[in-house]
Amino acid sequence: MKQNVHSIAIDGPAGAGKSTMARRVAKALGYQYVDTGAIYRTVGYHMWLMGIGPKDADGIRRLIDDVNLRIEYAPDGAQHMILNGADVTDEIRTAQMAVYASGVSARPVVREFLLDMQRDLARRHNVVMDGRDIGTVVLPDADVKFFLTASDTVRAQRRFLELQAKGEKISYEQVLRELRQRDEQDTNRAIAPLRCAPDAIRLDTSALTVDESVAAMLSIVREKLG
Ligand code: DC
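Keep in mind it's a predicted model, so treat the numbers as computed, not measured.

(A) Seen up close, unusual backbone geometry. In this structure, asparagine 84 takes a positive phi of about 45° despite not being glycine. Located in the positive-phi region is alanine 192, a residue other than glycine, with phi close to 45°. Tracing the backbone through its elements, the reader meets alanine 192 in the loop between helix 8 (172-188) and strand 8 (201-204). The class for alanine 192 is buried, based on a relative accessible area of 11%.

(B) Layout of the packing of aromatic side chains. One pass over the full model with this rule turns up two aromatic pairs. Centroid distance tyrosine 45 to tryptophan 48: 5.7 Å. Interplanar angle 20°. Geometry classified as stacked. Within this pair, tyrosine 45 and its partner tryptophan 48 are both found in helix 2 (residues 36-49), separated by three residues, close to a single helical turn. You can call tyrosine 45 buried: its relative accessible area is 12%.

(C) Structural context of the environment of arginine 111. By the secondary structure assignment, arginine 111 is in helix 5 (residues 108-124). Assessed through its relative accessible area of 6%, arginine 111 is described here as buried. Those residues within four positions of arginine 111 in sequence are excluded, and the remaining contacts are Tyr40, Ser105, Asp133, Arg189, Ile191 and Ala192.

(D) Fine view of the pairing of strand 4 (residues 79-83). Judged by how many residues are buried, strand 4 sits mostly within the fold: four of five residues are covered. As judged from the five bridges shared by strand 3 (residues 69-73) and strand 4, these two strands associate in the antiparallel manner. If you follow leucine 69 over to strand 4, its bridge partner there is leucine 83. Judged from the two bridges that link them, strand 4 and strand 5 (residues 86-87) form a sheet pairing that is antiparallel. Looking at strand 5, one finds that leucine 83 is bridged to alanine 86. What sits between strand 4 and strand 5 in their antiparallel hairpin is a turn of two residues, with asparagine 84 showing a positive phi close to 45°.

(E) Layout of the sheet that holds strand 4. Here we have three strands laid out as an open sheet, ordered 3-4-5, and antiparallel in their pairing. Every other strand in the sheet has two partners, leaving strand 3 and strand 5 as the edge strands with one partner each.

Quick notes on the rules
- Residue numbers run consecutively from 1 along every chain, following the written order of its sequence.
- In keeping with the model being predicted, local features are shown solely for residues with a pLDDT of at least 70 and side-chain atom pairs are shown and tallied solely at 80 or more, while totals for entire chains, interfaces and linings include all residues.
- Calculated side-chain values reflect all of the structure's heavy atoms, with hydrogen atoms and water omitted.
- Secondary structure elements are taken from DSSP: a helix is a run of H or I of four residues or more, a strand is a run of E of two residues or more, and numbering for both begins at the N terminus.
- Only protein chains enter the accessibility calculation, which uses a 1.4 Å probe; a residue whose area is less than 20% of its type maximum is buried, one above 50% is exposed, and one in between is partly exposed.
- Two rings belonging to Phe, Tyr or Trp (six-membered ring only in the last case) form a pair when the distance between their centres is within 6.5 Å. Interplanar angles under 30 degrees mark stacking, angles over 60 mark edge-to-face geometry, and anything in between is tilted.
- The contact criterion used throughout is that any non-hydrogen atoms of two residues lie within 4.5 Å.
- Two strands qualify as a pair provided DSSP detects at least 2 bridges between them.

So this is what it looks like as structure tokens:
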């Protein structure tokens with residue numbers, strides 16, 4: 001096993017820019033980028049395939065052991081989600097799977113199921129890991145923790161443009177409504193809710209460009225890690 005690995009935790013609500021920043025920071029540092037939202041989306045996708053609703057606690061508990069999840073990394077560093085042998089990386093990026101992911105992620109059985117997998121990745125690699133509970137629960141000893149925020153209208157606009165670029169037919173109003181519901185659900189669930197860790201650095205990206213946010217994060221990381 002590799003010794004002296006470093007980890008950077010990036011948490012925050014949907015659309016705050018976590019994955020864009022995390023990918024860029026990971027590339028600049030030569031670290032592995034781990035998108036934990038994609039893992040929850042994959043579990044949600046399995047439940048959807050099996051006809052289980054996102055809030056069906058009994059159904060989710062019954063089927064969770066059938067989920068065989070694997071993460072593979074392409075040569076360019078892109079994360080691929082493999083569900084029971086099939087690559088579902090593209091299928092999980094819809095607005096519907098965001099709703100499913102948020103629903104299943106509130107179930108303790110799902111969070112327990114995924115905790116070791118996430119910690120194991122951080123034990124074996126230098127990682128930049130993004131999610132909702134990375135700095136608080138998954139990697140409480142991360143070397144650097146960020147909590148990214150932005151206003152909900154800015155976040156919804158970003159998500160809307162992303163979904164539109166993928167050809168999904170959804171209005172800005174629906175994206176904003178679903179994002180607010182997801183914020184509410186992710187923040188108020190009983191287990192591992194979305195929270196800023198006390199030792200996390202808060203960064204509001206509403207008025208910052210991607211380049212400005214990444215530069216700010218990299219300078220903090222370099223100062224901390226030397
Ligand atoms: O980051 P995302 O939009 O792909 O995440 C989808 C959902 O997964 C999000 O609404 C809540 C859940 N999630 C979580 O509970 N914990 C994480 N570490 C990452 C995501």
